[in-house]
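Chains, contacts and geometry: an overview
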Amino acid sequence: MSMQKQYLEQLTGVFGYPAAENPTVVIQQAAFKELHLQWRYLTIEVKPGDLKEAMQAVRALNMRGINLTIPHKLAVLEHLDTISDSASIIGAVNTVVNKQGVLHGENTDGKGFLRALREDGGVDPEGKSVLLLGAGGAARAIAVELALAGAEQITIMNRTAERGKELVSHIQKNTSSSAKFLPWKSGAAVPEETDILVNATSIGLAPDISAKPDINYDSLCSGQTVCDIIPAASTPFLEEAESRGLTALDGLGMLVYQGAIGFTLWTGLEAPVDVMLRALTAEFSKKGAKKGE
């Protein structure tokens, strides 16, 4: 029996399609190694039509948990036994915990952003006015968590009015925060009352890393905190903020913290965040060097 325990690995991983570029394996394996855990994180491509069988495999293989990425965050809901309140409001799950065959769903995206905002940015969103650029899945998760954390006003700026207004309606219906929509036109100004500005779009993501959201950067005001969900130490969007003396918060922290929350949900242990951040930073630096060759 002791020999069996010695070689028994605990399995976690991510289901996505495609999944090959997902960087979560880097931070989770670094955390497992740091705490001397005999756990493994698998990156698995699961086609949309195979998700039901893949979730059954989580139980069959006694996997401790799984992450979900595109296109499975919504579709996985029908394959879960329970779901957290915040994930229910968001309407999407990115982390599943296998509790002795009971699959519980959580969404750590917005929670990761919130932790980065508080711990790295030194900002508590309670009572603050937030402007979110974008209305996709990341924006929805962040908006809901900010609202649940007590943000007073959440403004959604999006090019597609229908999608932006739907998110505003969703926030108003499910939280106590006030919400409004602003159309995103070229060179749009940031409202003066904004305390926290968030780029929750994919603008600035590789391969177009020189791109930045089309807003009027001269409308940024002293005291604002500017956040980018793009997982990079710096982006043109954040460089604009820093050039004006504003607090700039990159997306690496959000990615690491959402992974750290998942790590704790699976293992019950405090995640070694510093180790995870170093591993992620090194991975992106390595990829950047290869692209420059």
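See the structure shown above.
Now for a look at the structure at hand. (Residues numbered from 1 in each chain as written. Predicted model: local features only at pLDDT ≥ 70, side-chain atom pairs only at ≥ 80, totals over all residues. Heavy atoms only, no water.)

Of regular secondary structure, the protein chain possesses 10 helices and 14 strands. For a compact globule of 293 residues, the expected C-alpha radius of gyration is about 19 Å, and the protein chain comes in at 19 Å, within 12% of that figure. Taking the principal axes of the C-alpha coordinates as reference, the protein chain spans close to 65 × 45 × 35 Å. Per-residue burial for the protein chain yields a buried fraction of 51% across its 293 residues. Taking as baseline every contact in the protein chain between residues at least 6 positions apart, the subset at least 24 positions apart corresponds to 68%. Looking at the protein chain as shown, the accessible area adds up to about 14000 Å², and 51% of this sits on carbon and sulfur atoms. (Helix = DSSP H or I, 4+ residues; strand = E, 2+ residues; numbered from the N terminus. Rg over C-alpha atoms; globule rule 2.2 N^0.38 Å. Buried < 20%, exposed > 50% of the residue type's maximum accessible area, 1.4 Å probe, protein only. Contact = heavy atoms within 4.5 Å. Areas by Shrake-Rupley, 256 points an atom, 1.4 Å probe, with all protein chains shown as cover.)

Glancing now at helix α8 (residues 236-243). Every buried residue of α8 is accounted for by Pro236, Phe237, Leu238, Glu240 and Ala241. Positive phi appears at glycine 245, one or two residues downstream of α8, with a value of about 75 degrees.

A complete count under the given rule lists zero disulfides for this structure. As a non-bridged cysteine, cysteine 221 has cysteine 227 as the owner of its nearest cysteine sulfur, 16 Å distant. Residue cysteine 221 is classed as partly exposed on the basis of its relative accessible area of 23%. Residue cysteine 227 is classed as buried on the basis of its relative accessible area, which comes to 1%. (Disulfide = S-S within 2.5 Å.)

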